[in-house]
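Listed below, chain by chain, are the residues.
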Amino acid sequence: MRITTNFRTSEFDSKDGSPMPPAVRRNVVQLAKSLQALRDSLGVPVLINSGYRSPAHNARIGGVRNSQHVTGRAADITARPFTPAQVAARIERLIKEGKMKEGAVGIYSTFVHYDTRGQRVRFRGNF
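In this text the structure is predicted, and so the values were computed from the model without any measurement.

Procedures and definitions
Throughout, residues of each chain are indexed from 1 in the direction in which the sequence is written. Residues qualify for local features only when their pLDDT is at least 70, as the model is predicted, and side-chain atom pairs are given and counted only at 80 or more; totals for whole chains, interfaces and linings, by contrast, use all residues. Excluding hydrogens and water, the side-chain values take into account all heavy atoms of the structure. Secondary structure elements are defined from DSSP: runs of H or I of at least 4 residues count as helices, runs of E of at least 2 residues count as strands, and each element is numbered from the N terminus. The size measure is the radius of gyration over C-alpha atoms, and the globule rule it meets is 2.2 Å times the number of residues to the 0.38 power. Only protein chains enter the area calculation, which uses a 1.4 Å probe; residues under 20% of their type maximum are buried, those over 50% are exposed, and those in between are partly exposed. Residues count as neighbours in contact if any of their non-hydrogen atoms are within 4.5 Å of one another. Using a 1.4 Å probe, accessible areas were evaluated by the Shrake-Rupley method; residue-level cover was limited to the displayed protein chains. The rule is simple: put a 1 Å grid over the protein atoms alone, call a set of points where a 1.4 Å probe fits but cannot get out a cavity, call an open set with protein on both sides within 12 Å along at least five of seven lines a pocket, and count a residue as lining if it has an atom within 4 Å of a point. Grid points are joined across faces, edges and corners, and a volume is the space filled by probe spheres set on the points. Between rings of Phe, Tyr and Trp, where Trp is taken as its six-membered ring, a pair exists when centres lie within 6.5 Å; planes separated by under 30 degrees are stacked, by over 60 edge-to-face, and by other angles tilted.

Student: Help me get a handle on the overall build of the protein, residues and values and all.
Tutor: Counting its regular elements, the protein contains three helices and five strands. Along the protein, helices and strands appear, N-terminal first, in the series α-β-α-β-α-β-β-β. At 13 Å, the protein has a C-alpha radius of gyration in line with the 14 Å of a compact globule built from 127 residues. Reported as C-alpha extents along the three principal axes, the dimensions of the protein are approximately 35 × 35 × 25 Å. Taken over 127 residues, the protein has a buried fraction of 46%. In the protein, the share of contacts with a sequence separation of at least 24, taken over all contacts with a separation of at least 6, comes to 55%. As displayed, the protein offers around 6,700 Å² of accessible surface, 51% of which is attributable to carbon and sulfur atoms.

Student: I'd like a description of empty space enclosed by the protein, backed by residues and values.
Tutor: For the coordinates displayed, the defined rule picks out one cavity of 30 Å³ or more. Empty space within the largest cavity amounts to approximately 40 Å³. If you go around the largest cavity, the residues you meet are Ile77, Thr78, Ala79, Arg80, Phe82, Thr83, Pro84, Val87, Thr110, Phe111 and Val112.

Student: Describe the packing of aromatic side chains, naming the residues involved and giving the relevant values.
Tutor: The geometry of two aromatic rings is summed up by the distance between their centres and the angle between their planes. Counting across every chain of the model gives three aromatic pairs. Aromatic pair tyrosine 108 and phenylalanine 111: ring centres 4.3 Å apart, planes at 15°, arrangement stacked. Measuring from centroid to centroid gives 6.0 Å for tyrosine 108 and phenylalanine 123, while their planes differ by 85°, and the two rings are edge-to-face. Of this pair, tyrosine 108 sits in the loop between strand 3 (104-107) and strand 4 (112-115) while phenylalanine 123 sits in strand 5 (residues 121-124), and the two are 15 residues apart along the sequence. The class for phenylalanine 123 is partly exposed, based on a relative accessible area of 30%. Pairwise contacts between aromatic rings join Tyr108, Phe111 and Phe123 into one cluster.

This is the structure:
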């Protein structure tokens, strides 16, 4: 099901095939709206490497217990040809402009973690 101009709910599905609970789906819709603003600004596709994670899948891959992925509020993304640092900088700008929701921005070597938790968190992941 399409939830924005360029995103479908299936892009956010848990990799273990677990169904997305209704409360999680509502969070995913809000996340996708922010990511649509990023995609519109960059002018290139934003790919979802990891969106919603079922609790079992999150535990299996070593995700933190209170991961925003489990609530449907987080996505690990890439947007070629932009580097993770460039994507993160654009997210920062869009948050300041009120076009994306405040949350966490984490820069990793190959992707950016973005979530819509509502409070500012910034970090650098494993390189």
